[in-house]
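Residue-level structure breakdown
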Amino acid sequence: MTITDTRELIIDAIRDRKGRSITLVDLEKIPGASAQSFIIAEGTSTTQVSAIADHLRERLLDDAGIKPFNSDGNRENSEWIVLDYGDVWVHIFLPEARMRYNLEELWNDAEITDYPDLD
């Protein structure tokens, strides 16, 4: 599976659980970046943030046989969960936490693509 295929599967899985404000931060041309890309999305509640992360784990394992190398985020107070798939890191935020950490601004020298919400 190519990195493009992995990105598309991740975005599709986020949309399965009504994740919103999906952004791809392409870090491939950034020297020293910790990954080739970040995919950033939002859930409207801590329950939805957890549901998106859980579904993403299941979908990538079932469809592509891919497990995250690591993940972090408080399951009971899920303001931000990050899943590390090696070349692709997925960040799922509550809107307030996303604004606070502002990863898009931190990596503003990368190519950034916003995906429209489906509803």
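What counts, and at which threshold
- Residues numbered from 1 in each chain as written.
- Predicted model: local features only at pLDDT ≥ 70, side-chain atom pairs only at ≥ 80, totals over all residues.
- Heavy atoms only, no water.
- Helix = DSSP H or I, 4+ residues; strand = E, 2+ residues; numbered from the N terminus.
- Rg over C-alpha atoms; globule rule 2.2 N^0.38 Å.
- Buried < 20%, exposed > 50% of the residue type's maximum accessible area, 1.4 Å probe, protein only.
- Contact = heavy atoms within 4.5 Å.
- Areas by Shrake-Rupley, 256 points an atom, 1.4 Å probe, with all protein chains shown as cover.
- Core = buried A, V, L, I, M, F, W, Y, C linked by side-chain atoms within 4.5 Å.
- Expected span 1.5 Å × (residues − 1).
- Polar contact = N/O pair within 3.5 Å; in protein donor to acceptor, adjacent residues only side chain to side chain.

Looking at the overall build of the protein
Counting secondary structure elements, the protein contains 4 helices and 6 strands. Against the compact-globule benchmark of 14 Å for 119 residues, the protein has a radius of gyration of 13 Å, which places it among compact chains. Taking the principal axes of its C-alpha atoms as reference, the protein extends roughly 35 × 35 × 30 Å. Here the protein holds 119 residues, and the buried ones make up 43% of them. For the protein, long-range pairs separated by at least 24 residues make up 60% of all intrachain contacts whose partners lie at least 6 apart in sequence. Working note: accessible area of the protein is about 6600 Å², and carbon and sulfur atoms make up 47% of it.

Quick notes on the nonpolar core
Membership of the largest hydrophobic core comes to 22 residues, with the highest contact counts inside it found for Ile10, Ile14, Ile39, Leu56, Leu83, Val90 and Ile92. Mapped by element, the contributors of at least two residues to this core are helix 1 (3-16), strand 1 (20-26), strand 2 (37-42), helix 2 (46-64), strand 4 (80-85) and strand 5 (88-93). Discounting residues that sit within four places of it in the chain, Leu56 has contacts with Ile10, Ala13, Leu83, Tyr85, Val90 and Ile92. Formed by 11 residues, the second largest nonpolar core is a distinct cluster that contains Leu27, Ala35, Phe38 and Ala97.

Examining unusual backbone geometry
A negative phi angle characterises most non-glycine residues, just as the trans form characterises most peptide bonds. Here Lys18, not a glycine, exhibits a phi torsion of approximately 60 degrees, which is positive. The backbone of Asn102 shows a phi angle near 45 degrees, a positive value even though the residue is not glycine. Mapped onto the elements of the fold, Asn102 is located in the loop between helix 3 (95-101) and helix 4 (103-106).

Overview of helix 2
Spanning 19 residues, helix 2 covers 27 Å between terminal C-alpha atoms, matching the ideal 27 Å at 1.5 Å per step. All buried positions along helix 2 are accounted for by Gln48, Val49, Ser50, Ile52, Ala53, His55, Leu56, Arg59 and Leu60. Where helix 2 is buried, its residues meet helix 1, strand 2, strand 4 and strand 5. Within two residues after helix 2, Gly65 carries a phi angle of roughly 70 degrees, on the positive side.

Topic: the side chain of Asp26
Residue position: Asp26 is located in strand 1. For Asp26, a relative accessible area of 18% corresponds to the buried category. At a separation of 3.0 Å, a polar atom in the side chain of Asp26 contacts the main-chain amide nitrogen of Glu28. Asp26 has contacts with Arg7, Gln36, Ser37, Ala110 and Glu111, leaving out every residue within four places of it along the chain.

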